[in-house]
Amino acid sequence: MALAATFILSSCHEDPLLPPGWEPEQKETVYKYPGFFLLNEGNMGSDKCTLDYYDFTDNEYQRNIYPACNPQAVHGLGDCGNDLKVYGNKLYAVVNGSNLVDIMDLATARSLAAVSIPNCRAIAFKDCYAYVSSYASEGIVDIANALGTIYKIDTTTFKTVATCTVGYQPEEMAIYGNKLFVANSGGYRYDNGDYDTRVSVIDLSTFKEVKKIEVAPNLYRMAVDRLGHIWVSSRGNYSDVPASLSVIDASSEKVIKKLDVDATGMSMAGDSLYVYGYDWKDNTTSFGIIDINTLECVSDKIIKDDTQSDIQSVYGIAVNPESRDIFITDAKDYMTPGMVYCYSREGEFKWAAITGDIPSRIAFSTIKKKK
Amino acid sequence: MKISNLCSYFALTVAAIFSAAASLFADDNLFPADTLQRLEESVVVAYRQPEKTIPAQTMQGETLKKLNSLSVADAIRYFSGVQIKDYGGVGGLKTINVRSLGSQHVGVFYDGVQIGNAQNGQVDLGRFSLDNMESVTLYNGQKSTGVQSAKDYASASAVYLRTRKPVFKEGRSYSIATKLSGGSFGTFNPSILWEQKIGNKVSNSFNAEYLTTTGKYKFTYTRQDGTDTSDVRRNGDVRAVRVEDGLFGDMKNGEWKAKVYFYDSKRGYPGAVVREEPGRFRHEDRQWDTDFFTQASLLQEFGRYKINASIKYAYDYLHYLSDPRVDVSTMYVDNHYRQQEGYASMSHEVEIFEWWDIDLATDWQYNTLTADLRDFAYPSRNTLLAALSTSFRFRKIKIQASGLYTFVHDATRVEGAASEARNKLTPTAVVQYIPFDNVNFSLRAFYKKIFRMPTMNDLYYTFIGNKNLKPEYTTQYNLGTTYSNNWMYGAFRKIDLTVDAYYNEVENKIIAMPTSNQFQWTMMNLGFVRIFGTDVAASTNISICDKAFTDVRLTYTYQRAMDCTDPKSLWYKNQIPYIPWNSGSAVIGLTYGRWNLNYSFLYTGERYNSTANIPENYEKSWRTSDMSVSGTFDIRNAELKATVEVNNIFNQRYEVVRCYPMPGTNFKIILTVSI
C-alpha cells in the first residue's frame, strides 16, 4: 500500500492512473466485461456528478469522460448522481439533482437522451422497459404524506409510458419473474417520526402495486439472486432500531430471513452477496459475505490483507461478475475526489485510482468503450 | 399588513418627486457658484477617524453613496482582505469573509451594538441600506479606540455600521430626503429619511424603505464545444420593508442613543443552476423574515472616568417553505424558527495618567431558539463576557493589551441535549510605533486569539447538529505600516497608504459532513487552515482646479489560505475553496462642481471551488466595472440629486459561487430630493 500511496501522490494531477506493478498483458485476453463505468455523485447543488471509465484491457483509468464524449453539454452529466446501470448496449445514469436519467451509448458514452423524471433515485430493467423509482408524487394534495412513484420508460423511444404509485420515498428495486419489488424508505418522513417499513410488489403485466410486504424501517438497497431471493437492507431508524438485512422469497412474497447485518451497500456475484455497513454514530465500517444458499454470513472480512485502514469513508461496493475482483469506493471527506480500490477475489489489494467527488456506483460494461 | 398604507404613502412620495422634477426644469439657476464649498460642507460630518493602531478601513457617507451599491455588502467589497459570498441578484444572501477566517468570525455592529444570529451565525449584509449610513468601518482584530463593550473584543474582525446622526442647516429644525430608485430586474426602491430636531439636545431620525424586485435576469453559459446557451434566473424576487427610528441625545460630557429597527421581507430562493430539463421545475423555495430590535446606549464622561452602557432586545422570525405542489421535484419543508436575544453591557474607562488607561467591560447575553422540527432541543444560551484592557500612550509607542473571559452556558428543554458549558480566556496585544516626529508614518503589530461558539444550528439542529462540537478558534498575527499626509496646496491634497502582512490559523474548523447518505449531514470539528496574506490599501485626493478634484482608492489583497487538516490527504496545503490568490479593487471619483462621475472596479483572481485544486474545480478570474454619473441641482429650497448607474458595463459573465450566475450589464436611476 505504501507503494500505491507514493504512486498516487506522485500522480495526483495527472488524469490516468495505472495500477502499480500492473504491466500490460502480452496475450490478447477476451473479457466478458472489458471495463467498468463509475458514477461520482458530487455534492447536491454543485453540478459535479461525473462519470469515470476503467478499461481492463489496457488498464487505463479515465476520469470525468462525459464532457469530452458530449461536447454539446453545458453542465456535464448533472447534479448529484444516484444510480448507474448497464442494460443492453446502453448505459443509464440516474441523476437525482438534475431530475433526469441520462441514457448513453455504451460504446461511446455519448448521450442519446435525457429523460426528465423528478427526484429520480434508482433504476431496474426488464425486457424493453426501464423502471425508475422516484420520491416525487405528481398531482399531490396531501403534501405531508406524498407517496413515491415508479416510472416505466420505453428503452427504444426513451419515453415514459406509465407510472405506478408505491410507498414513501422508494429507493432500489429488484425484478424476479414478472414482479417488481420496491424498497420504500420513507426518508422524508423522519420529521413525522415514521419511516416506511414495506416492500411494494408490482405486477409488471398490469403495472399495478399488488401487495406491500412488512419488512423493517427505512429500506434502502436491493438485490436479487438466482434462487429467487430478494435481498433488502434496512438502515434502521437511527435510534432504537438498528440496521438489518432481510430476505424475501419472491414467489411466496414472505420474509424468510432477517440478518443482523448492516448493508449500507451491497453487490451480488454468483452465490455470494458482498455487503458493507457504515455506522456513522461511532464511525465504523463493517464488511460481510453472505451465502445465498444457507442465507448465512460466511465471513465478516472482504479485505484480507492490511490495507483496509487506507479506506476513509466506504461509499460503494461492486464485484466483477467475471473475475470476482472486488471494487470498493472511498468518498474521503465528501468534498474532494475519492478513490476506488481494487481487490482480488481473495481480498488482496491490487490497485487504486483517484475518482471524482463521492464515488458511488460501478457498472460493468459488456462493450469496450471506444476512445 | 401595512403594505396598503405604505403603497399610498409611496404614491405620495412619487408625486412629490415628480412635481419637484417639473419645477427643476423651470429653474434657470442650475449651477450656483458656491457648489464646491457646499459639497465639502456636506461631506464632513463630525466624524472621528479610526486610529491607526489596528488595521481599519472606513468609508463615509458621500463615498458610500458614490459607489453603485445597493447595500452595505456591496460597499464592503471595496475593502482589502475581504471576500464576499454572493449568490446573485438583489435578494440573494451576501456574507463577507475577512482574511479567510470564515464569515462567522465577522462581528457586525450597528450603532455600537452587535447584530447577532445565534441560529446560524451569519448576518446578511445585503439587508442593510446605505441610505442612513454615516460610515462603514472594518477592523481586523478589534476596535481599539474609546470605551467599548466586551463584545467589541469578541470577534476576529468586525464591521461597524454607524447611522447618520442628524445634522441641520443653520436655523432649520428638520431635514427630509426622499429617494426613489428603480432599474433592471424590475427593481423599485423608494425611501425616506426624515430628521427632526426635538428641543436643543435631542433629535430624531426616521428612515423607511421599501424594495421590490422580480430578481429576473438573463445569464449565459458556454458549452464545451464553445457555443453559448442562455436562460433566465427566476424566483429571485424580493419584497422588503425596513423602518427605523433613532433618537440622538446630547448631554453635558455625554450622549445617548435609542433605536427601533423593523425589517420584514418575503423572497424566493432560486437555487443552484444545474443541468435539468429547461423550464420544467420552478424551484420555488420561499422564505419570510421578520426582524425586530430595539436598543439604547449611553456614554458619559466624568473627568478621567468614562462609562458606556448598552441594552438590546431582538426578535427574529424565519419561515422557510419548499412546496412539492409547486415543484414536484422538491422535498416538502415548512419550518418556522423564532429567535430572541436580550443583551446588556456596561463598560468603564479610567485614565490613570494621560498616557495610561484601564478599561473594564462586562456583557451579558441571552438567546433562545425555537423551531417546529421533530425532536427539537429548544436551546437557550447564556453568555457572560468580561474584558479587561489597558493601553499605554507614549510619544513614539502605543501599547494595548486585553484579555477577554467568556462563559457560555447552554440549556435545552430536552434533557441531556445541551452542549457542555465553556470557560475561555483569550488575549489580544496591539503595538504601534511612530518613529518620526514630523512624518505621519507608523509601524503596527497585533496578536489576537479568539473563538466563535458553534451556532445553535451546528449544535442542535435535529439530526444534523452535534452537541459535542468544540469552539472554532482563530489566531491572528499582523505586521503593518501606515503613511499619510495632507497638503493645503498643490495637486496632491491627501495620501493614505497602508500595508499589512498577516499569518492566521483557524483550528477546530466546523465542517458539515454527510453521514450514511447525502440527505443527512452532521457537523464536525475537522478543519485546520493556515493563512498567509498581505493587504494593501491606498487612497489619494487630487485637486485638478478650484472646481474639480478626483478621489482615488485602490486595494490589493494576496492570500495563501492552505487547508492543513490532514497531512495524508492528496489535497494537503491546497488553497481553501473560493479564496483567490489575488484580488483587488479601484474606485475613482471625479467631481466637477456639483457633478460627479464615479468608476469602480473589482477583480477576483483565479480560485478553486474545492480544496482539491484540480482543473474540474477551477473557477476563472472575473472583473467588473461599474459607473455612475450624478448631478445636484437646487430647486427653490430643495436640492435634487439625480444619479444614473450602469453596473457590469462590459457584461462580464461570472459566478462568485459555482452554479450561481451573476447578472450582466444592468442599470439604475436614483432621484433624491432633500429639503
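The text that follows walks through the structure, step by step, so that each part is easy to find. (Residues numbered from 1 in each chain as written. Chains lettered and ligands numbered in written order. Predicted model: local features only at pLDDT ≥ 70, side-chain atom pairs only at ≥ 80, totals over all residues. Heavy atoms only, no water.)

**Re the sheet that holds strand β15 (residues 208-214) of chain A**
Residue and element names in this part refer to chain A.
Logical step 1: With respect to topology, four strands assemble into an open sheet ordered β12-β13-β14-β15, the strand pairing being antiparallel. Here the strands that pair on one side only, and so sit at the sheet edges, are β12 (170-176) and β15. Recorded for the sheet is a direction-independent mean angle of 25° between the axes of neighbouring strands.
Logical step 2: With six bridges joining them, strand β14 (residues 198-203) and β15 adopt antiparallel strand pairing. Bridge pairing in β15 links I202 to E209. (Pairing = 2+ DSSP bridges. Helix = DSSP H or I, 4+ residues; strand = E, 2+ residues; numbered from the N terminus. Axes fitted to C-alpha atoms, helices over the stretch in contact; angles between N-to-C directions.)

**A short note on the environment of Y320 of chain B**
Residue and element names in this part refer to chain B.
Logical step 1: Counting through the fold element by element, Y320 comes out in strand β16 (residues 305-322).
Logical step 2: For Y320, a relative accessible area of 23% translates into the label partly exposed.
Logical step 3: Sequence separation between Y320 and K218 is 102 residues, and the spatial gap between their C-alpha atoms is 26 Å.
Logical step 4: Residues contacting Y320, with those up to four places away along its chain left out, are Y269, D285, R286, Q287, V333, D334 and N335.
Logical step 5: A polar contact is formed between the side chain of Y320 and the side chain of D285, at a distance of 2.8 Å. (Buried < 20%, exposed > 50% of the residue type's maximum accessible area, 1.4 Å probe, protein only. Contact = heavy atoms within 4.5 Å. Polar contact = N/O pair within 3.5 Å; in protein donor to acceptor, adjacent residues only side chain to side chain.)

**Some points on the packing of aromatic side chains**
All names here are of chain A.
Logical step 1: The final tally for this structure, using the stated rule, is 52 aromatic pairs over all chains.
Logical step 2: An aromatic cluster is present here, built from Y31, Y33, F36, Y54, F56, Y61, F327, W351 and F364 joined pairwise through their rings.
Logical step 3: Here the basic side chain of R235 rests over the ring of Y220, its NZ or CZ set 3.7 Å away from the ring centre. (Phe/Tyr/Trp six-rings, centres within 6.5 Å; stacked < 30°, edge-to-face > 60°. Lys NZ or Arg CZ within 6 Å of the ring centre and 35° of its normal.)

**A few points about a nonpolar patch on the surface**
Residues and elements named next belong to chain B.
Logical step 1: A cluster of nonpolar side chains, contributed by I544, L590, Y592, W595, L597, M627 and V629, occupies part of the molecular surface with about 600 Å² of accessible area.
Logical step 2: Taken together, the elements giving at least two residues each to the nonpolar patch come down to β27 (582-592), β28 (595-604) and β31 (622-635).
Logical step 3: The class for L597 is partly exposed, based on a relative accessible area of 33%. (Patch = residues over 30% accessible without salt bridge, like charges linked within 9 Å, V, L, I, M, F, W, Y side chains within 5 Å. Areas by Shrake-Rupley, 256 points an atom, 1.4 Å probe, with all protein chains shown as cover. Salt bridge = Lys/Arg side-chain N within 4 Å of Asp/Glu carboxyl O.)

**Description of the pairing of strand β15 (residues 285-302) of chain B**
Residue and element names in this part refer to chain B.
Logical step 1: By the bridge criterion, 16 bridges tie strand β14 (residues 254-269) to β15 in an arrangement that is antiparallel. Across the sheet, the residue bridging to Y261 is F293, located in β15.
Logical step 2: Note that β15 and β16 share 17 bridges and pair antiparallel. Of the residues in β16, the one forming a bridge with A296 is I311.

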